[in-house]
Amino acid sequence: MAPDDHPPAAIVCAGLVKRFDNGMTAVDGIDLTLAGGRTTALLGPSGCGKSTLLRMIAGLEEPSIGGITIAGQPPAALCRQGSLSVAFQDPCLLPWLTLRQNIALGRKLARLPADPATVDRLIDLVGLGGFQQMRPAALSGGMRQRAAIARALATRPRVLLLDEPFGALDALTRRQLAQDLPPLWRHAGATTVLVTHSVDEAVMLADRIVVLSPRPARVLADIPVPLDWPRRPDLSEAPAFRRLVQTALAALVRGGERSQAVAAQ
Amino acid sequence: MGLLVLLALWQALALAGGGYLLAGPLGVASWLAAHGGLILRALSVTLANAAWGFLLGNLAAILLAAIALVWPRLLNLVGGLALVVFCLPLVATGPILRVLMGPGEGPQVVLAALAVYYTTLIPLLAGLRAAPQVWFDLIRSYGRGRWSELAHVRARAALPYLLAGLQISAPAAVLGAMVGEFTGAERGLGVLTIRFTRDLDVPALWGVAGIAAAASIVPYAALGWLGARIADDKPPVILSPPRIVRGSPFRKAAGTALLVGAVLVLWWGGMEVLGLNRFFAKRPDDLAEALLWAPDAARTRQVLWAATVQTLIWALPGYLAGLAAGAGLAILLSLLPWLGSLMTPLAVALRSIPIVTTAPLVVVLTGRGAAGTMTLVALMVFFPTFVACQHGLRQAPGPILDLFRSHAAGRLARLLHLRIPAMLPALFASARMAVPAAILAVTVVEWLATGRGLGSLMALSASLSDYDMLWLTVAVVTVMAALFHAAVSAAERRVLAAFAPEQTHA
Ligand SMILES: Nc1ncnc2c1ncn2[C@@H]1O[C@H](COP(=O)(O)OP(=O)(O)O)[C@@H](O)[C@H]1O
Ligand SMILES: [Mg+2]
């Protein structure tokens, strides 16, 4: 895939707070600058506010306080240009479309010309070749999730937001996709934000890990991942990899203990 | 196969009964063969009226749904007004339309349209909102707005609902047209029915009823077939209307007041704009005067009250019996699956017959008294309830059924703890939708045969040109239907909150 004409889009979150109408605070004061073209993993326990943060970056949720700019513009502007893609936690395929039509829908919604070659290549890449004409109901959960990732990639977005993209996948497919996907979005110059609660996945896929506290989400640790690309699966045995995992895990555990202590008071 | 058995049974019964009340299929067929021309002419009139009504009513439904979609704030008002119009008693609306529109096919077409639009509107409104929020998030994440939502999600998600609505409205259109023909038209199957009822011509009555049934079943089946071709995803049978009013008691009261106000304004304003004569086009204040401070107001109230009580005494047991029989048979058949697979297609076919059009026949068969009336009301309620309950019983989620099986829970336990709770939403949905149907049935029988109750009062005031009383009966029946509907909805909401909380958010 050829690099995009646009320069990489940096994402700036300034003083983000999200309090829902029911009074629940999901995100409480997050300042982050995500360099363009890089992959950042948002790592945190379930229910801490990761999806909420991602939805704010996607322009789907308005921050209660603070603001977000992407390449100097509000997120909605990028959405309108069709240069932002989200792969939701729920694969979110339309049941009446075939797998192929669902993946092509991304380009259609982004008002991009149909590009059958790219669509087919992506389908093969996520291992769904031969299932093009199937309806989502006939696919397994993992297959649907892979289709959602392919749909998000089909527009060659400048900003790619992935919400637990490998949640429903088996270990083998996870490993395979962790190999195949990062080169795609890195080569396209996409700024990628990856939500996950798996420490290994964060280290394997990201250039940087932002560890979030239990709800309400605050930044606990900001860990650079200085491992070379491409990363091979056996990298996860390397001492450098294990050390990064230990660091991130320690930050998570400290955050958990602190919030328990706060709750106990 | 089942049909053949049924025909044979029918013929045997007819022979045994001496052919007086039950004309056998052979007798009916020979009568039809002898009167082919007559029947064909009447059929073409009725079908044309029904087709126009189908078209106009469904267009109106789609238009109303579009309004509610573009201005979501109007949803409650649109739904409420639609319900009020749906509760209008078709029987008495016919004569009023006839004086307003003059002779011709106009009233029959309007009645057919009135009979169909609500059963299309409600599923359509539900269908347009049937998509999960994430699909809209997806559309928004590409920076697209409401039109893309409509084009890519809502329209397609609503399609199976629309098709289901259209299918149900085919027999309903025939019903509406025939009710119009019962109450003063010059041509059509309904007119023939009235004539043969008067002559007690039993084979002829069966013949017309059979033709009317075929005229309903054929388009019903055809639309079903077409629908399956167009969209293979079936909508849930639970055609629960979107919440009419949500929120605090104050907001509910305000919503109801707004609705009543809108009805009065539209009624009064429509009459004024069309410049209709006050003599037959009564305004709300005319009715208030007739009911409250006219010299004979006390007598008017007494007559109305007596008729209302008489109608309720027969309609209510019939309604309850129909519900009980529908749910009971569905439960029974779920315990005897082999019988169920035999009965279901039959019930679906019978469900598509506009029962009301067989009213004269039922009256001839069971007499002009309570039995005939209750039977008809019960039949009217029974078929939709049975079909919906059968569907509901099958709704118990598979994984939970497996859980019960893994604990070796018996059939009865599964029925009590799983299937019947899963059936309740369907039962209540059909109980709600059956309220206007039951009232239609009872007023038709009263109009045609029994000579008592509100239906008979309507017939009497129509023939005496007592338009005050005619409009009053329409108002009373409409208010009564709306109140019953509201009461069933309230009960439904309670039950759903307990047994199917996921449905209450719809
Ligand atoms: N629309 C909403 N209204 C109220 N609370 C919400 C809403 N969306 C999410 N929450 C709450 O915010 C918290 C964080 O949710 P989420 O961001 O989905 O967590 P995560 O993705 O980290 O698991 C949860 O406690 C959730 O219940
Ligand atoms: Mg989440």
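What counts, and where the lines are drawn
Residues numbered from 1 in each chain as written. Chains lettered and ligands numbered in written order. Predicted model: local features only at pLDDT ≥ 70, side-chain atom pairs only at ≥ 80, totals over all residues. Heavy atoms only, no water. Pairing = 2+ DSSP bridges. Helix = DSSP H or I, 4+ residues; strand = E, 2+ residues; numbered from the N terminus. Axes fitted to C-alpha atoms, helices over the stretch in contact; angles between N-to-C directions. Contact = heavy atoms within 4.5 Å. Donors = N, O, S within 2.8 Å, 3.2 Å for Na, K, Ca; no water. UniProt positions renumbered as here; feature names shortened; annotations may be inferred. Buried area = accessible area lost by both parts, 1.4 Å probe. Salt bridge = Lys/Arg side-chain N within 4 Å of Asp/Glu carboxyl O. Nonpolar A, V, L, I, M, F, W, Y, C, P; charged D, E, K, R; others polar. Disulfide = S-S within 2.5 Å. Core = buried A, V, L, I, M, F, W, Y, C linked by side-chain atoms within 4.5 Å. Buried < 20%, exposed > 50% of the residue type's maximum accessible area, 1.4 Å probe, protein only. Domains from an automatic or database assignment. Parallel < 35°, antiparallel > 145°, perpendicular 65-115°, else oblique. Left-handed = near helix turned anticlockwise from the far one by under 90°.

Some details on the sheet that holds strand β3 (residues 39-43) of chain A
Residue and element names in this part refer to chain A.
Here's step 1: Here six strands make up an open sheet; going across it, the order is β5-β6-β7-β3-β8-β9 and the pairing mixed. Whereas interior strands pair on both sides, the edge strands pair on one side only; in this sheet they are β5 (84-87) and β9 (219-224). Strand-to-strand, the axes of this sheet are offset by a mean angle of 15°, without reference to chain direction.
Here's step 2: Examined bridge by bridge, strand β8 (residues 208-212) and β9 share five bridges and lie antiparallel to one another. By the bridge assignment, R208 is partnered in β9 with P224.
Here's step 3: Its contacts with the sheet place helix α1 (residues 50-57) against β3, β5, β6 (159-163), β7 (191-196) and β8, and it is angled at close to 160° to β6.
Here's step 4: Lying over the sheet, helix α5 (residues 141-153) contacts β5 and β6, oriented at roughly 175° with respect to β5.

Re the coordination of the magnesium ion (ligand 2)
Here's step 1: Listed as protein donors to the magnesium ion (ligand 2) are A:S51 (OG) and A:Q89 (OE1); their distances from the metal cover 2.0 to 2.5 Å. Residue A:S51 is located in helix α1, and its partner A:Q89 is located in the loop between β5 and α3 (99-109); the two are separated by 38 residues in the primary sequence.

So, the UniProt feature "domain: ABC transporter" (unreviewed entry) in chain A
Here's step 1: Taking the UniProt record as the reference, the feature "domain: ABC transporter" (unreviewed entry) is found at residues 11-239 of chain A.
Here's step 2: Taken as a whole, residues 11-239 of chain A contains 32% helix and 24% strand, while its terminal C-alpha atoms sit 31 Å from one another.

Side note on the interface of chain A and chain B
Here's step 1: Between chain A and chain B, the residue contacts involve 25 residues of the former and 16 residues of the latter.
Here's step 2: On the chain A side of the contact with chain B, A:L60, A:W96 and A:L109 bury the most area, a combined 36% of that side's loss.
Here's step 3: Along the contact surface separating chain A from chain B lie one salt bridge.
Here's step 4: Residue assignment for the side of chain A that touches chain B shows that the elements contributing at least two residues are α2 (75-81), β5, α3 and α5 of chain A.
Here's step 5: Take the side of chain A that touches chain B: its biggest share by element is four residues, from α3(A).
Here's step 6: A per-class count over the side of chain A that touches chain B returns 14 nonpolar, four polar and seven charged.

What about the state of the cysteines?
By definition, a disulfide is the covalent link that joins the sulfur atoms of two cysteine residues.
Here's step 1: Per the counting criterion, the structure on display carries zero disulfides over all chains.
Here's step 2: We note that A:C48 lacks a disulfide partner, and the nearest cysteine sulfur, in A:C13, lies 14 Å from it.

A word on the sheet that holds strand β2 (residues 25-34) of chain A
All names here are of chain A.
Here's step 1: Strands sit in the order β2-β1-β4 across an open sheet of three strands; the sheet is antiparallel. One side of each edge strand has no neighbouring strand; the edge strands of this open sheet are β2 and β4 (65-70). Strand-to-strand twist across the sheet, computed as the mean angle between neighbouring axes with direction ignored, equals 20°.
Here's step 2: Bridge count between strand β1 (residues 11-19) and β2: seven bridges; the pairing is antiparallel. Considered in β2, the bridge of L16 is made with I30.
Here's step 3: In the packing of α1 onto the sheet, contacts are made with β1, β2 and β4, and the angle to β1 comes to roughly 125°.

Comments concerning the nonpolar core
What tends to happen in soluble globular proteins is that the nonpolar side chains get buried as a cluster.
Here's step 1: Grouped together as the largest cluster of nonpolar side chains are 122 residues, with contacts concentrated most on B:Y319, B:V356 and B:L440.
Here's step 2: Here this core gets 18 residues from one element, more than from any other, and that element is helix α18 (residues 411-450) of chain B.
Here's step 3: The residues contacting B:V356, other than those within four sequence positions of it, are B:L175, B:V179, B:F182, B:M380, B:L440, B:A441 and B:V444.
Here's step 4: Of all hydrophobic cores here, the second largest spans 49 residues; its members include A:I123, A:L162, A:V199 and A:V211.

What to know about the domain arrangement of chain A
All names here are of chain A.
Here's step 1: In terms of domains, chain A is made up of domain 1 (1-83 + 160-172 + 182-265) and domain 2 (93-156).
Here's step 2: On a C-alpha basis, the centroid separation for the pair domain 1 and domain 2 is 24 Å.
Here's step 3: At the interface, 13 residues of domain 1 touch 13 residues of domain 2.
Here's step 4: Roughly 1,100 Å² is buried in total at the junction of domain 1 and domain 2, and carbon and sulfur atoms are behind 66% of that figure.
Here's step 5: Across the contact surface, domain 1 and domain 2 share zero salt bridges.

Describing the packing of helix α7 (residues 133-141) of chain B against helix α8 (residues 146-182) of chain B
All names here are of chain B.
Here's step 1: Two numbers describe how α7 lies on α8: the axes approach to 10 Å, and their chain directions differ by 140°. Judged by the inter-axis angle, α7 sits oblique to α8. Taken as a pair, α7 and α8 cross one another with a handedness that is right-handed. For the pair α7 and α8, contact is made by W135, F136 and I139 and by S148, E149, H152, V153 and R154, respectively.
Here's step 2: Class assignment for the residues of the contact of α7 with α8 results in four nonpolar, two polar and two charged.

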